[in-house]
Amino acid sequence: MSLNQNRDSFGSKFGIIAAAAGSAVGLGNIWKFPYITGQNGGGAFLIIYLICVLMLGIPVMISEFSIGRRGQRNVFGSFKTLAPGTPWYFVGIMGVVAAFVILSFYSAVAGWTLEYMVRSVTMGFSNQDTTQLGAAFNEFLKHPFRPIIWQLLFMVFTALIVAGGIKNGIERYNKFLMPLLVLFLVLLCIRSISLPGASKGLAFLFYPDFSKVTIKTLLFAMGQAFFSLSLGMGTLITYASYFRKSDDLGRTAVNVSLADTIVAILAGVVIFPAVFSFNIEPTAGPSLVFITLPEIFSQLPLGNLLELVFFVLLAVAALTSTVSVLEVVVAYFSEELKISRRKATLLATISISFLGVLASLSFGPLSGITLLGKSIFDMLDFFASNILLPLGGLLIVVFVGWFLKKEDIADEISNSGTLKVRYLPIYRFIIRFIAPVAIAAIFIYSVFYGSLG
Ligand code: PFF
């Protein structure tokens, strides 16, 4: 299939890896992964997570890359191109809806990182204990407009990058921001493992205690792998539609998954030694990053500076992810409504921000509105992470494994025979049999037993 000459595309291998890894590495790695690992037994969870990335994440990622690069359009358009006259385009619509929903609550948390960046400069947290820091965090969340201002500002940053296009916007910023992220992460790791008692934290993260493993652990690990690798909603389908014909899809998927996993582990190496060194329970939950860490920073020399570095790191990680999610909607609007990228970006940003404001307000003025005991924020998170992503992932592997022609997939993955892909039979087996069963298990579990985190 020939590539569309007029379409924007990535310009370099490094740019592609930086952008796709930028999407994958996000709040999921630094905010969610450590607390989910903490709550699920540490090292044993890590091992199961790694198996999920290898057995499920990489094959699903290769499938998404194949659909996008062969489809050459946004997520909806790619399904239409590859399966004309069938209802498969519905998976694309689900992807656009998921992008809308994820961005609305994700941008709220991303906005909090900006508040904490500023706080680390203006006031620090010196001499405050957990109770005071917890109260300050709750007060901030309940504030009628502070979180919203930060959230909207974050959406503006995201929109400015996306409006620049692929090569001159998304690729350019990722190539600069991702190395910065790695640098900051390594700095914080060194500081954390040099704390007294750090080894207990490392033992918690790396020593597997399988007595803590239940079927639930397995399902949590799969859900987290999906979210963390940005799978199931067409983000990577959209990005792959800008890949070049010579790019190696399998190798890119391995590199991106490896980068994402290493960052998640390093985030654990930043957090657990610090938490153990200060005798705090590692199972603190979502507040680990916004309450526990500031407390630790407040007791360290140069703590404010470390805190600034940490929240800049978190903001950068979030930004390269929000960019990829917004691109799903922008590509869809501009190609399907035939409007310019700028107009599409404006339309997508404004409409998503409306939903986003509701998500933010659900911690304060709208906290009374609940459905099935969940606030608006929790409902949006649940609907996207636990319903749309697993269902999208399931349909994607069924589409590639059972609907597309075997030869077409082989052609796409091998770049029309120019690459040797010895893994093709294993990939095909996983995509047809293992992945659908495993993903169906997550899906059924998450719908019936609630939040997968
Ligand atoms: N992978 C991102 C993270 O770990 O924070 C979140 C995410 C981005 C999920 C893009 C889904 C997506 F399509």
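About the criteria used
Residues numbered from 1 in each chain as written. Predicted model: local features only at pLDDT ≥ 70, side-chain atom pairs only at ≥ 80, totals over all residues. Heavy atoms only, no water. 1 Å grid on protein atoms, 1.4 Å probe; cavity = no way out; pocket = protein on both sides within 12 Å on 5 of 7 lines; lining within 4 Å. Points joined across faces, edges and corners; volume = space filled by probe spheres on them. Helix = DSSP H or I, 4+ residues; strand = E, 2+ residues; numbered from the N terminus. Nonpolar A, V, L, I, M, F, W, Y, C, P; charged D, E, K, R; others polar. Axes fitted to C-alpha atoms, helices over the stretch in contact; angles between N-to-C directions. Left-handed = near helix turned anticlockwise from the far one by under 90°. Contact = heavy atoms within 4.5 Å. Near = heavy atom within 4 Å. Polar contact = N/O pair within 3.5 Å; in protein donor to acceptor, adjacent residues only side chain to side chain. Areas by Shrake-Rupley, 256 points an atom, 1.4 Å probe, with all protein chains shown as cover. Sits in = over half its atoms within 2 Å of the grid points. Expected span 1.5 Å × (residues − 1). Buried < 20%, exposed > 50% of the residue type's maximum accessible area, 1.4 Å probe, protein only. Parallel < 35°, antiparallel > 145°, perpendicular 65-115°, else oblique. Phe/Tyr/Trp six-rings, centres within 6.5 Å; stacked < 30°, edge-to-face > 60°. Lys NZ or Arg CZ within 6 Å of the ring centre and 35° of its normal. Patch = residues over 30% accessible without salt bridge, like charges linked within 9 Å, V, L, I, M, F, W, Y side chains within 5 Å. Salt bridge = Lys/Arg side-chain N within 4 Å of Asp/Glu carboxyl O. Core = buried A, V, L, I, M, F, W, Y, C linked by side-chain atoms within 4.5 Å.

Undergrad: What is the right way to look at the layout of surface pockets in this model?
TA: Taking a probe equal in size to a water molecule and rolling it over the atoms shows the remaining empty space. There is about 440 Å³ of room inside the largest pocket. Along the wall of the largest pocket there are 25 residues; nearest its centre are Trp31, Tyr35, Pro286, Phe377 and Asp378. Secondary structure elements with two or more residues in the lining of the largest pocket: helix H2 (27–39), helix H5 (89–122), helix H6 (130–142) and helix H16 (376–403). When its residues are assigned to classes, the lining of the largest pocket shows 15 nonpolar, six polar and four charged. Each pocket or cavity is described by its volume, and for the second largest pocket that value is around 300 Å³. Every residue lining the second largest pocket is counted, 15 residues in all, and those nearest its centre are Ile58, Ile62, Gly250, Val254 and Tyr423. Sorting elements by how many residues they give to the lining of the second largest pocket places helix H3 (residues 43–71) first, with four residues.

Undergrad: Help me understand the packing of H5 against H16, please; the structure alone is not making it clear to me.
TA: If you want to describe how two helices pack, look at the angle between their axes and the distance between the axes. Closest axis-to-axis distance for the H5/H16 pair is 9 Å, and the angle between their directions is 145°. Every pair of crossing elements has a handedness; the one defined by H5 and H16 is left-handed. Here Val91, Met94, Val97, Ala98, Val101, Ile102, Ser104, Phe105, Ala108 and Val109 of H5 lie close against H16, whose contacting residues are Phe377, Leu380, Asp381, Phe383, Ala384, Ser385, Leu388, Leu389, Leu391, Gly392, Leu395 and Ile396. Here the residues of the contact of H5 with H16 sort into 18 nonpolar, three polar and one charged.

Undergrad: So what exactly am I meant to see when it comes to the environment of Gln39 here?
TA: Tracing the backbone through its elements, the reader meets Gln39 in helix H2. Sequence spacing of Gln39 and Glu281 is 242 residues, and the spatial spacing of their C-alpha atoms is 9.8 Å.

Undergrad: Help me understand the site of the ligand, please; the structure alone is not making it clear to me.
TA: The immediate surroundings of the ligand are formed by 15 residues, with Gly28, Tyr106, Phe227, Met233 and Thr235 found nearest. Within the backbone of Ser23, an N or O atom sits 3.3 Å from a nitrogen atom of the ligand. Considered on its own, the ligand offers 340 Å² of accessible surface; in the complex 100% of this is hidden by protein. A majority-of-atoms criterion places the ligand in the largest cavity. Elements represented by at least two residues in the shell around the ligand include exactly helix H1 (13–24), H2, helix H10 (215–228) and helix H14 (303–336). Looking at the shell around the ligand residue by residue, the class counts come to six nonpolar, nine polar and no charged.

Undergrad: Where do I start with H1 in this structure?
TA: Since one α-helical turn is 3.6 residues long, residues separated by three or four positions face the same way. Over its 12 residues, H1 extends 17 Å from the first C-alpha to the last, a length consistent with the 16 Å expected when each residue adds 1.5 Å. Of all the residues in H1, the buried ones are Gly15, Ile16, Ala18, Ala19, Ala20, Ala21, Gly22, Ser23 and Ala24. If you follow the buried residues of H1, they end up packed against H2, helix H8 (166–193), H10, helix H11 (235–240), helix H12 (249–277) and H14.

Undergrad: How should I be thinking about the side chain of Ser375 in this particular structure?
TA: Secondary-structure assignment places Ser375 in strand E2 (residues 374–375). Contact partners of Ser375, with chain neighbours within four places excluded, come to Ser362, Ile369 and Thr370.

Undergrad: Is there a simple way to explain the packing of H1 against H12 in this structure?
TA: Interhelical geometry of H1 versus H12 gives an angle of 45° and a closest axis separation of 9 Å. One element, H1, and the other, H12, form an angle in the oblique class. For the element pair H1 and H12, the recorded crossing hand is right-handed. Where H1 approaches H12, its residues Ile16, Ile17, Ala20, Ala21 and Ala24 are matched on the opposing element by Thr252, Asn255, Val256, Ala259 and Asp260.

Undergrad: I would appreciate a short explanation of the packing of aromatic side chains in the present structure.
TA: Describing an aromatic ring pair means giving the distance of the ring centres and the angle of the ring planes. Overall, the coordinates contain 34 aromatic pairs when judged by the stated rule. Consider the rings of Trp112 and Phe377, whose centres lie 6.4 Å apart with planes at 15°: the pair is stacked. In this pair, Trp112 sits in helix H5 while Phe377 sits in helix H16, placing the two residues 265 residues apart along the sequence. When sorted by exposure, Trp112 lands in the same class as Phe377, which is buried. Here the guanidinium or amino end of Lys80 rests over the ring plane of Tyr89, the centre of that ring lying 4.9 Å away.

Undergrad: Even after reading the chapter, I still don't get a nonpolar patch on the surface, so can you show me in this structure?
TA: Taken together, the side chains of Ile47, Ile51, Leu54, Met55, Phe210, Trp402, Phe429, Phe433 and Ile434 make up a nonpolar region of the molecular surface, amounting to roughly 860 Å² of accessible area. At the level of elements, H3 and helix H18 (424–449) are the ones that each hand at least two residues to the nonpolar patch. Considering every element that reaches the nonpolar patch, the biggest residue donor is H3, with four residues. Take Phe433: it is sitting in helix H18. Assessed through its relative accessible area of 39%, Phe433 is described here as partly exposed.

Undergrad: Looking at this structure, how should I read the nonpolar core?
TA: If you look at soluble globular proteins, the nonpolar side chains tend to sit buried side by side. Within the largest apolar cluster, 156 residues are counted, with the highest numbers of intra-cluster contacts made by Phe10, Phe79, Val289, Phe290, Phe310 and Phe399. Counting residues per element, this core draws most heavily on H14, which supplies 20 residues. With residues up to four places along the chain from it excluded, the contact list for Phe79 reads Ile67, Trp88, Tyr89, Val91, Gly92, Ile237, Ile396 and Phe399.

Undergrad: Looking at this structure, I do not really get the pattern of salt bridges. What am I missing?
TA: Pairs may arise between side chains of opposite charge once their charged atoms sit close together. Tallied over the full model, the rule gives 13 salt bridges. Note that Glu115 is salt-bridged to Arg119, the shortest N-O span being 2.8 Å. Note that Glu115 and Arg119 are positioned in helix H5 at a spacing of four residues, about one turn of the helix. Comparing Glu115 with Arg119 shows no difference in burial state: the two are buried. Here Arg341 makes a salt bridge to Glu327, at a shortest N to O gap of 2.9 Å. Highlighted residues: Arg341 in helix H15 (residues 341–361) and Glu327 in helix H14, separated in sequence by 14 residues. Given the relative accessible area of 0%, Glu327 is considered buried. Three or more residues joined by partner-sharing salt bridges are found here, namely Arg69, Arg70, Lys245, Asp408, Asp411 and Glu412.

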